[in-house]
Amino acid sequence: MRLGVAIGLAIGLTVVPAMGEDPAPIVLRDMGSFYVGGRQVNISGEPLRRVPLPGGQLQKVDHNGTYSVEQMYVQYALPQNRRGKFPLLMWHGGGLTGVSYETTPDGREGWLNMFVRKGWDVYVSDAVERGRAGWAMPEVFAGEPVFSSEQTPWVNFRFGDPGSWSPDPKQRRPFAGSQFPFESYDNLLKEIVPRWLTTNDAIMAAYLQLIDKVCPCVLLVHSQSGTFGYRAAVARPDKIKALVVIEGTLRGDASTAAALKNVPIVVIYGDDIDRSPSFSEQRETNTKMAGLTKAAGGSIDIVNLPDMGIKGNSHMMMMDKNNGEVANVIQDWLVAKGLVD
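Residues numbered from 1 in each chain as written. Predicted model: local features only at pLDDT ≥ 70, side-chain atom pairs only at ≥ 80, totals over all residues. Heavy atoms only, no water.

### A look at the overall build of the protein
Helix and strand content of the protein: nine helices and 11 strands. Here the C-alpha atoms of the protein give a radius of gyration of 21 Å, agreeing with the 20 Å that 2.2 N^0.38 yields for 341 residues. Referenced to the eigenvectors of the C-alpha coordinate spread, the extents of the protein come out at roughly 65 × 55 × 45 Å. Here the protein, with 341 residues, has 50% of them falling under the buried criterion. Across the protein, contacts joining residues at least 24 apart in sequence account for 73% of those joining residues at least 6 apart. Total accessible area on the protein stands at roughly 15700 Å², and carbon and sulfur atoms take up 51% of it. Considering the protein, the positive charge centre built from 34 side chains and the negative charge centre built from 36 side chains are found 4 Å apart. (Helix = DSSP H or I, 4+ residues; strand = E, 2+ residues; numbered from the N terminus. Rg over C-alpha atoms; globule rule 2.2 N^0.38 Å. Buried < 20%, exposed > 50% of the residue type's maximum accessible area, 1.4 Å probe, protein only. Contact = heavy atoms within 4.5 Å. Areas by Shrake-Rupley, 256 points an atom, 1.4 Å probe, with all protein chains shown as cover. Lys, Arg positive; Asp, Glu negative; His and termini not counted. Charge placed at Lys NZ, Arg CZ, Asp CG, Glu CD.)

Pasting the structure below:
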């Protein structure tokens, strides 16, 4: 099936409900995946290697040749009853993959399903060097991959103070009222993958090729991809109809604010921001960008969920126990911007 071509047969997916979620089947007009972006590189001058196999045999390995690298994986789910006026692209954060949106660590529905239910054509990607996009050889990616220890997400994702972590789950002290499903913390750890700190240009190039393939669209970005989303909007302002930023940084100035005056932007923050210097600094940076954008005639809405009475959200609010409530906040904003039929 070619992407974008309507098919007569609707695809019904029965989703097993969890914790009282909507048991109704999700009915799709199409679903699938594809790769986008990438380039070819030639490796030469590498010596022939002999790699031991189980049983003691040696396998000859010749790494010389031409390789396809820096491609990005994208999956899509297109609802039978489409209501979103444009596709919704979901981009994940650092050290993560598109799995962030597919489900939650404790098995509840993720935002992929939720926004398909709301009538959006949803595209979820694994960025260059993440998940199903795959790695490349050391000759392609400069530097070394960065790995996360078990305790790293505890602080970085704002689950608790640095001193509140313990290898013993019974001894961990999360922030009071946190909505993250800590009983499934080990499942979150299984989702975290190595990342490089030198691949931003390759990631951005693939994202732009995705935009050129399926957009105009709405971008929903998280954490690290906040920067990519803003850069993409600056590069393709005619194709980005709105930008939803989940605790990501908007790195711009007065000129980019002017360029995006016709692109509505919302930045959403969870709880305990003031207890994290990095997130406090990020919110201050984004608030300044909101001022520059307003002066240029545009709008950046800074939404603090606790101010709306929605409390306890971590940096991983798409996985928190109230992820459906947060999804509704996003949907209401998109409706208010005229992006839903």
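Still more ground to cover, so stick around.
### A closer look at the state of the cysteines
Following the criterion strictly, the structure yields one disulfide and no others. Between the sulfur of C215 and that of C217 lies a disulfide, 2.0 Å long from S to S. On the S-S bond that ties C215 to C217, the torsion sits near 75°, and the link is right-handed. Residue C215 is classed as buried on the basis of its relative accessible area of 11%. Taking relative accessible area as the criterion, C217 reaches 0% and is therefore assigned buried. (Disulfide = S-S within 2.5 Å.)

### Thoughts on the nonpolar core
Counting residues in hydrophobic clusters, the biggest one holds 49 residues, and the most contacted among them are L89, W91, L210, L219, L250 and I265. Take this core: its biggest share by element is nine residues, from helix α5 (residues 200–214). Non-local contacts of L219, meaning those with residues more than four positions away in its chain, are made with L89, W91, G229, A232, I240, A242, L243 and V244. If you look at the next biggest cluster of nonpolar residues, it comprises 46 residues, including M90, W154, W165 and M319. (Core = buried A, V, L, I, M, F, W, Y, C linked by side-chain atoms within 4.5 Å.)

### What about the packing of aromatic side chains?
For the structure on display, the rule yields 19 aromatic pairs. Geometrically, the ring pair formed by Y35 and Y73 is edge-to-face, given 5.4 Å between the ring centres and 70° between the ring planes. With Y35 in strand β2 (residues 26–43) and Y73 in strand β5 (residues 65–79), this residue pair connects regions lying 38 residues apart in the sequence. The class of Y73 is buried, set by a relative accessible area of 10%. Ring pairs connect the aromatic residues W154, F157, F159, W165, F180, F182 and Y185, which therefore count as one cluster. Over the face of the ring belonging to Y269 we find R283, whose NZ or CZ atom lies 5.8 Å from the ring centre. (Phe/Tyr/Trp six-rings, centres within 6.5 Å; stacked < 30°, edge-to-face > 60°. Lys NZ or Arg CZ within 6 Å of the ring centre and 35° of its normal.)

### A short note on the pattern of salt bridges
Here the structure, examined in full by the defined rule, presents 17 salt bridges. Here E46 makes a salt bridge to R49, at a shortest N to O gap of 3.3 Å. Across the pair K337 and D301 runs a salt bridge whose closest N-O atoms are separated by 3.8 Å. Within this pair, whereas K337 is found in the segment after α9 (323–336), its partner D301 is found in strand β11 (residues 300–304), the two being separated by 36 residues in sequence. Taking relative accessible area as the criterion, D301 reaches 27% and is therefore assigned partly exposed. Salt bridges here are not isolated pairs; linked through shared partners, they connect R29, R82 and D121. (Salt bridge = Lys/Arg side-chain N within 4 Å of Asp/Glu carboxyl O.)

### Section: the pairing of strand β7 (residues 122–126)
With five of its five residues buried, β7 lies for the most part within the structure. The side-chain alternation of β7 yields two buried faces, one formed by V122, V124 and D126 and the other by Y123 and S125. Sheet topology places β5 next to β7; five bridges connect them, and they run antiparallel. Bridge pairing links Y73 to D126 in β7. Inspection of the sheet shows strand β6 (residues 88–91) paired to β7 by three bridges, in the parallel sense. Across the sheet, the residue bridging to L89 is Y123, located in β7. (Pairing = 2+ DSSP bridges.)

### Examining the side chain of T227
Relative to the helices and strands, T227 resides in helix α6 (residues 225–235). The class for T227 is buried, based on a relative accessible area of 17%. With sequence-adjacent residues up to four places away left out, T227 is seen in contact with T249 and R251.

### What to know about helix α8 (residues 277–295)
An ideal rise of 1.5 Å per residue puts 27 Å on 19 residues; α8 measures up with 27 Å between its terminal C-alpha atoms. Buried residues of α8: F279, Q282, R283, N286, M289, A290 and T293, and no others. Along α8, the residues classed as buried sweep out an arc of 120° about the axis, all on the same side. More than 90 degrees from the buried face of α8, the exposed residues found are P277, E281, K288 and A295. Residues of α8 that are buried sit in contact with α3 (152–156), α6, α7 (254–259), β10 (265–269) and β11. Just downstream of α8, G297 is the residue with a positive phi angle, here 100°. (Expected span 1.5 Å × (residues − 1). Arc of directions from axis to C-beta.)

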